[in-house]
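Chain and residue survey
Residues per chain, in single letters:
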Amino acid sequence: KLAARKPAIVLKGGVTDAGARAVASHSGAMAGRGEVWPAVFRKAGAIQADNLEEMVDLVLGFLHLGNITGNRLCIVTPSGGAAVMYSDACFRAGFQLPTLREESRANIKNALPPGTNVKNPVDVAQGYFRHEVMQQVLSLVAADQNIDFILFHLPMDVFISTVEHAPWIEEKFFGYLLCGKNHAKPFMVVLPYTVA
C-alpha cells in the first residue's frame, strides 16, 4: 500500500545463503530463500537497497531529485571511461540512454572541442573547464525532448586539484549546478572521489 503512494526503500538482510544461515543462528528466525525477496519487493513496487550506504543514497536521491516522469537518461561527463561505466550501471538499473535529437547533437557539437561524443553519453572532454560552454551544453541537453533527466559527472578529485591552482574555478563548477537546478528536468550530480 505504501509503495503505491510514495517510494518504499527496503534494506533486507539474509538474502544470500550465507546471510540466511547467519539470521537463523542469530535469532532462530526463518530467513527464507534469498532469491524470493527481490521478487517480493518487485511485486510490491518497493526498491531494494543492497547495503546501508546504497539505502542512504536512495533516500537522499528521492528527497532531493524530485519527480522523474520517465526513464530516459542523458549522461554528461568529462571522462570517456566514466561514460562507459555509468552507461552500464544505468542500463542495468532499467534506464534508457536514447540518442539526443539531431538538432541537439549539432548544437552541442558546435559548442564543444572537435572529436567529442555528442550522442549519449555526452563526453564534454576539455569543454568541461569552459563555463560558458558547459552552461550551453547542459541547457541543450535539458531542452531535448528525448531526455527525461540528466546525470552530471562532477569528479571531485579533478575539481579539488583544479581549485588549488585556480580558485576561481570553484565558482564555475557551482554555476554548472545552478544551471541544472534552473531547468524543469531533474538534474542529478555524481561526485566520485578517486584519489586515495
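Residues numbered from 1 in each chain as written. Predicted model: local features only at pLDDT ≥ 70, side-chain atom pairs only at ≥ 80, totals over all residues. Heavy atoms only, no water.

This brings us to the overall build of the chain. Counting secondary structure elements, the chain contains 8 helices and 6 strands. Listing every helix and strand of the chain by position from the N terminus yields β-α-α-β-α-β-α-α-β-α-β-α-α-β. Classification of the 196 residues of the chain by burial places 34% in the buried group. Within the chain, contacts between residues separated by at least 24 positions form 67% of all contacts whose residues are at least 6 apart in sequence. In the form shown here, the chain has an accessible surface area of approximately 12,000 Å², with 58% of it arising from carbon and sulfur atoms. (Helix = DSSP H or I, 4+ residues; strand = E, 2+ residues; numbered from the N terminus. Buried < 20%, exposed > 50% of the residue type's maximum accessible area, 1.4 Å probe, protein only. Contact = heavy atoms within 4.5 Å. Areas by Shrake-Rupley, 256 points an atom, 1.4 Å probe, with all protein chains shown as cover.)

For the rest of this paragraph, the subject is the layout of surface pockets. Looking at the largest pocket, its volume works out to about 1,600 Å³. In this structure, the largest pocket is lined by 34 residues; those nearest its centre are Asp57, Leu58, Gly61, Leu65 and Met188. Where the lining of the largest pocket is concerned, the elements lending two or more residues are strand 2 (47-49), helix 3 (52-65), helix 4 (80-92), strand 5 (149-153) and strand 6 (187-190). The biggest single contributor to the lining of the largest pocket is helix 3, with 9 residues. Residue classes in the lining of the largest pocket are distributed as 23 nonpolar, 7 polar and 4 charged. (1 Å grid on protein atoms, 1.4 Å probe; cavity = no way out; pocket = protein on both sides within 12 Å on 5 of 7 lines; lining within 4 Å. Points joined across faces, edges and corners; volume = space filled by probe spheres on them. Nonpolar A, V, L, I, M, F, W, Y, C, P; charged D, E, K, R; others polar.)

The next subject is helix 3. Between its first and last C-alpha, helix 3 extends 19 Å over 14 residues, near the 20 Å set by a 1.5 Å rise per residue. Its side-chain oxygen placed 3.2 Å from the backbone nitrogen of Glu53, Asn51 serves as the N-cap of helix 3. Positive phi shows up at Gly66, right after helix 3, with a value of about 85°. (Expected span 1.5 Å × (residues − 1). Polar contact = N/O pair within 3.5 Å; in protein donor to acceptor, adjacent residues only side chain to side chain.)

What follows is about the nonpolar core. In terms of nonpolar packing, the biggest core is built from 21 residues, with Val76, Ile108, Leu112, Val122, Val137 and Val141 touching the most fellow members. Looking at this core, the elements that each hand over two or more residues are strand 3 (73-77), helix 5 (102-111), helix 6 (131-143) and strand 5. Broken down by element, this core gets its largest block of residues, 7 residues, from helix 6. Once residues within four sequence positions are removed from consideration, Val137 is found in contact with Ile108, Leu112, Val122 and Val124. By size, the runner-up hydrophobic cluster in this structure holds 7 residues, among which are Leu73, Ile75, Ala82 and Phe149. (Core = buried A, V, L, I, M, F, W, Y, C linked by side-chain atoms within 4.5 Å.)

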